[in-house]
Amino acid sequence: MDAGARNLRGDIVAAARRLDALGLNRGTSGNIGHRAGPSFFVTPSGVPVDELSPDAIVEMDFSGAIRGAGNPSSEWRIHRDILAARPEINAVVHTHSRYATSLACLHRDIPPFHYMIAVAGGDTIRCAPYALFGSQALSDLALVALEDRKACLLGNHGQIALGRDLAEALAVAVEVESLCAQYWTALQLGQPHLLSGAQMLEVLEKFKGYGRRQDV
Ligand SMILES: [Zn+2]
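Residues numbered from 1 in each chain as written. Predicted model: local features only at pLDDT ≥ 70, side-chain atom pairs only at ≥ 80, totals over all residues. Heavy atoms only, no water.

*Asks:* How should I be thinking about the nonpolar core in this particular structure?
*Replies:* Core analysis: the biggest nonpolar cluster contains 44 residues, and Ile 32, Ile 110, Ile 125 and Leu 153 have the highest contact counts within it. Those elements giving two or more residues to this core turn out to be α1 (3-21), β1 (31-36), β5 (91-95), α3 (98-104), β7 (151-154), α5 (166-187) and α6 (197-209). Among the elements that make up this core, the one with the highest residue count is α5 (9 residues). Membership of the second largest hydrophobic core comes to 20 residues, among which are Ile 82, Ala 128, Ala 145 and Leu 162. (Core = buried A, V, L, I, M, F, W, Y, C linked by side-chain atoms within 4.5 Å. Buried < 20%, exposed > 50% of the residue type's maximum accessible area, 1.4 Å probe, protein only. Helix = DSSP H or I, 4+ residues; strand = E, 2+ residues; numbered from the N terminus.)

*Asks:* Is there a simple way to explain the coordination of the zinc ion in this structure?
*Replies:* In an ideal octahedron of six donors the angles at the metal are 90 or 180 degrees, and in an ideal tetrahedron of four donors they are 109.5 degrees. Surrounding the zinc ion are the protein donor atoms His 94 (NE2), His 96 (NE2) and His 157 (NE2), which sit 2.0 to 2.1 Å from the metal. In the primary structure, the donors to the zinc ion are separated according to the pattern H-x1-H-x60-H. Here His 94 is found in strand β5, whereas its partner His 157 is found in the loop between β7 and β8 (158-163), with 63 residues between them in sequence. Classification of His 94 as buried rests on a relative accessible area of 1%. Relative accessible area serves as the criterion here: at 9%, His 157 is assigned to the buried category. (Donors = N, O, S within 2.8 Å, 3.2 Å for Na, K, Ca; no water.)

*Asks:* Would you mind showing me how to read empty space enclosed by the protein here?
*Replies:* The gaps left among the atoms become clear once a water-sized probe is rolled over them. Throughout the structure, instances matching the rule amount to 1 cavity of 30 Å³ or more. Roughly 170 Å³ of volume is contained in the largest cavity. Taken together, 19 residues line the largest cavity, and the ones lying closest to its centre are Ala 16, Gly 27, Ser 29, Gly 30 and Val 49. Elements represented by at least two residues in the lining of the largest cavity include exactly α1 and β1. When residues of the lining of the largest cavity are assigned to their parent elements, the largest contribution, 3 residues, is made by α1. Its residues assigned to classes, the lining of the largest cavity comprises 8 nonpolar, 9 polar and 2 charged. (1 Å grid on protein atoms, 1.4 Å probe; cavity = no way out; pocket = protein on both sides within 12 Å on 5 of 7 lines; lining within 4 Å. Points joined across faces, edges and corners; volume = space filled by probe spheres on them. Nonpolar A, V, L, I, M, F, W, Y, C, P; charged D, E, K, R; others polar.)

*Asks:* Teacher, can you tell me more about the pattern of salt bridges here?
*Replies:* Should their charged atoms come close, side chains of opposite charge can pair. Taken as a whole, this structure holds 7 salt bridges when the rule is applied. Close ionic contact of Glu 88 with Arg 86 constitutes a salt bridge, the shortest N to O distance being 2.8 Å. A salt bridge links Asp 123 to Arg 149; the shortest N-O distance between them is 3.8 Å. With Asp 123 in the loop between α3 and β6 (127-128) and Arg 149 in the loop between α4 (136-145) and β7, this residue pair connects regions lying 26 residues apart in the sequence. What makes Asp 123 partly exposed here is its relative accessible area of 32%. (Salt bridge = Lys/Arg side-chain N within 4 Å of Asp/Glu carboxyl O.)

*Asks:* Just checking my understanding: could you explain the pairing of β1 for this structure?
*Replies:* One face of the sheet, then the other: side chains in a regular strand alternate in exactly this way. For β1, the tally of buried residues reaches 6 of 6 residues, placing the bulk of the element in the interior. Burial along β1 is two-sided: Asn 31, Gly 33 and Arg 35 and Ile 32, His 34 and Ala 36, pointing in opposite directions, are all buried. In this sheet, strand β2 (residues 39-42) lies alongside β1 in antiparallel orientation, the contact comprising 4 bridges. Its bridge partner being in β2, Gly 33 is matched across the sheet by Val 42. In textbook terms, the turn of a hairpin is the stretch between consecutive antiparallel strands, and for β1 and β2 this stretch comprises 2 residues, one of which, Gly 37, has a positive phi near 65°. (Pairing = 2+ DSSP bridges.)

*Asks:* How should I be thinking about the packing of helix α2 (residues 76-85) against α4 in this particular structure?
*Replies:* Two packed helices can be described by the angle between their axes and the distance between those axes. Packing of α2 against α4 brings their axes to within 9 Å, and their N-to-C directions diverge by 40°. In this structure, α2 crosses over α4, and the sense of that crossing is right-handed. In contact with Arg 77, Ile 78, Arg 80, Asp 81, Ile 82 and Ala 85 of α2, α4 contributes Gln 136, Leu 138, Ser 139, Asp 140 and Leu 143. The class makeup of the residues in the contact of α2 with α4 is 5 nonpolar, 2 polar and 4 charged. (Axes fitted to C-alpha atoms, helices over the stretch in contact; angles between N-to-C directions. Left-handed = near helix turned anticlockwise from the far one by under 90°. Contact = heavy atoms within 4.5 Å.)

Function-wise, these values are silent; they only describe arrangement.
Below is the structure:
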């Protein structure tokens, strides 16, 4: 294995530990994928994060064949299909984080109640309909919900966040969870005031000007 692939495996393990430390994933739930040239890496199935090692990260090709050894996450199709359809995306993070999942259980798109919704690339964060975990149907529905977006909710399941690299995908996942917590909290008091299409367009334009930095 070359040094780049080894480093990437290590970065994926570090990102999985970070998700756990941030409380976005617990135990064996959630998974991470990353493009690796003509193939991709995905976290293994059923390995608790504190037992995860770089060697346990599974390499697959885009036909779904395992290169080498390992048992990939049951959601490997989501990672493969997103990386195949979205050349600008290199990292995919999937979590069952508390607030994003709670709202996903309501099958509710997150509306523009806060300008940071634009972090996902549009004026909503869509929620994909329910489909069985690990199924091609779930991956297909996720891809539709992610059109022109870097995040979506999965009905009765969790969230997906995308990035050019692991750092961005993690940052988007953290922000989506935070937005879902804020939306949930605001809903306890009434119906949040929503920003208009024009107001969100203004934010999206300004975000473009920030380039790689979206931590505003
Ligand atoms: Zn899941």
